[in-house]
Every structure is written in C-alpha cells, then in structure tokens.
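Geometric and topological summary
Listed here are the chains, written in short residue letters.
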Amino acid sequence: MKVSYHGHSVVKVETATQTILFDPFISGNEACDLNADTIKADVILLTHGHNDHVGDTFEIAKRSNALVVAPNELAEYLGNKGLRTHPMHIGGKHTFEFGQVKFTQAFHGSAYTQEDGSTVYTGMPAGILLTIDGKTIYHVGDTGLFSDLKLIGEMNDIDIAFVPIGDNFTMGPEDALVAAKWINAKTTVPVHYNTFPVIEQNPDTFAEKVNVGEGKAMKIGDVVEL
C-alpha cells in the first residue's frame, strides 16, 4: 500500500485495487501536484465541509463514480447534488470493500460556501481512521488540541498520522507536538501549512521535534509504503 502527500491536507492511498483520496483540494492549491481534470479515485474520504477540503470532490466523483464517505450532513448535501455517498458520524465505523473507516471527533467548523456565496452547514467536523490489511492511517482533520487524542492513540495501533500544524485555523506546531505524542503513531506527518500566508510554518522543524515514533516532513508527492 502506498500513501502519498500532495499539499495542504490532500493524502492519496493506493492499494492493489483501489485509489483513495482524503480531502482533495487540488484546484486553487498551488502546492498540489495532482491534476483535478485527470486524477481518478475509487473512494473520496472527507473530514469536513470547508471548501479547502471538499475541494474538487464534485468533479472527481462525477467523472470516476467515486464513493464519497463523509460526515452525515455533508454526505447528504453531496448526495443531493448527485454524488454517490455513504454518510457516517463521529464514533461510528464501517467496513467497506476497500477497508474499515472510523470517524473521530475534531474541534473545528464545517460549512460549504456555494458559488452564489451562500453557506451550507455541513455537520460536525471529524478525523478519519482508515484501516486496510492491518495498517492504520489517521487523518486527524482540522482540529485544535483535545485530550481524547490520547485515548485514540491508546485504542488504535496507528502506523501513520497526518497532523495539522498551520496554527490560526488549527493546532499550531507546539500543540501538534503534544498531539503527536498522544496519538503515538509510528510516523507523524505535518499537514495543513503554507497554503496561505496565515498558516506558514516550517514542517522540518516540527518533524525534528516529534519525540514519539518518527516525525516525517513529506514533500509534495512523497510516498510512504505501509
């Protein structure tokens, strides 16, 4: 299984038979190396409804007939727009053909801004635990620091965790280091930084300070094999 990072919070997982995208914010994301017009996905996993996470979900899912797995209200909104969706909620897990998905809490917001400027509430934000063939990926989502991350780390054997470090909208590096310790992943990767001026951070400095497992500042397009 190959896990790659593509800027902001975009993560791609490739198994022998499936391509899974987390939060595919591609168009408008200058750091992303993917092409929204050509990339194909079998599954799209969404942590919440902000535009910089829903990203190109509409276009990719319509072209590829991808299954979109998202928090309930966001899934309903996307389903009403014609996408194939599976709604879930925090604390719930479901076993799909491609693997098991469990949604965890995240302290953030969740609303989608439509083309006419109106905003649609899209339910609770979340993190996502994805387990495939005994390997677990934790996309923490957009969140501030909260103590149940320690419980999540104790209850799950996490191989790689994607943790936001940008500050302003999410945890900053200091809080993210605490989160990394509690999550206790074998590898911790910083995400959600440098996309906008207000979230500029040094991922290498963060990765060097991770003191549980390995801190790894993945460059755009870098791949980790699990």
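Scroll up a little and you will see the structure.
Residues numbered from 1 in each chain as written. Predicted model: local features only at pLDDT ≥ 70, side-chain atom pairs only at ≥ 80, totals over all residues. Heavy atoms only, no water.

Regarding the environment of L129
Turning to its location among the elements, L129 is positioned in strand β11 (residues 126-132). Overall, L129 belongs to the buried group, its relative accessible area being 4%. The spatial distance from the C-alpha of L129 to the C-alpha of G221 is 21 Å, given a sequence separation of 92 residues. When near neighbours in sequence (up to four residues on either side) are disregarded, L129 contacts Q100, V101, K102, T104, T136, I137, Y138, I152, N156 and I158. (Helix = DSSP H or I, 4+ residues; strand = E, 2+ residues; numbered from the N terminus. Buried < 20%, exposed > 50% of the residue type's maximum accessible area, 1.4 Å probe, protein only. Contact = heavy atoms within 4.5 Å.)

A closer look at the layout of surface pockets
To find leftover empty space, a probe the size of one water molecule is rolled over the atoms. Taken as a whole, the largest pocket encloses approximately 210 Å³ of empty space. As for the largest pocket, its lining consists of N51, G55, F58, E59, K62, Y77, K81, Y112, T113, Q114 and E115. Per element, the largest residue contribution to the lining of the largest pocket is three residues, and it comes from helix α2 (residues 57-64). For the lining of the largest pocket, the class distribution of residues is three nonpolar, four polar and four charged. In this structure, the second largest pocket occupies an estimated 160 Å³ of space. (1 Å grid on protein atoms, 1.4 Å probe; cavity = no way out; pocket = protein on both sides within 12 Å on 5 of 7 lines; lining within 4 Å. Points joined across faces, edges and corners; volume = space filled by probe spheres on them. Nonpolar A, V, L, I, M, F, W, Y, C, P; charged D, E, K, R; others polar.)

Comments concerning α2
Along an α-helix, a turn takes 3.6 residues, which lines up residues three or four apart on a common side. Every buried residue of α2 is listed here: T57, F58, I60 and A61. Looking at the buried side of α2, the elements it contacts are β3 (19-22), β4 (43-45), α1 (51-54), β5 (67-71), α3 (72-80) and β9 (111-113). Note on α2: the residue one or two positions beyond its end, N65, has a positive phi of about 60°.

Considering the environment of D159
If you trace the backbone, D159 turns up in the loop between α4 (148-155) and β13 (160-164). Residues D159 and T187, spaced 28 residues apart in sequence, show a C-alpha to C-alpha distance of 6.2 Å. Setting aside anything within four residues of it in sequence, one finds D159 in contact with G134, K135, T136, A185, K186, T187 and L226. At 2.9 Å, the side chain of D159 forms a polar contact with the backbone nitrogen of T136. (Polar contact = N/O pair within 3.5 Å; in protein donor to acceptor, adjacent residues only side chain to side chain.)

Shape descriptors only; they carry no functional weight alone.
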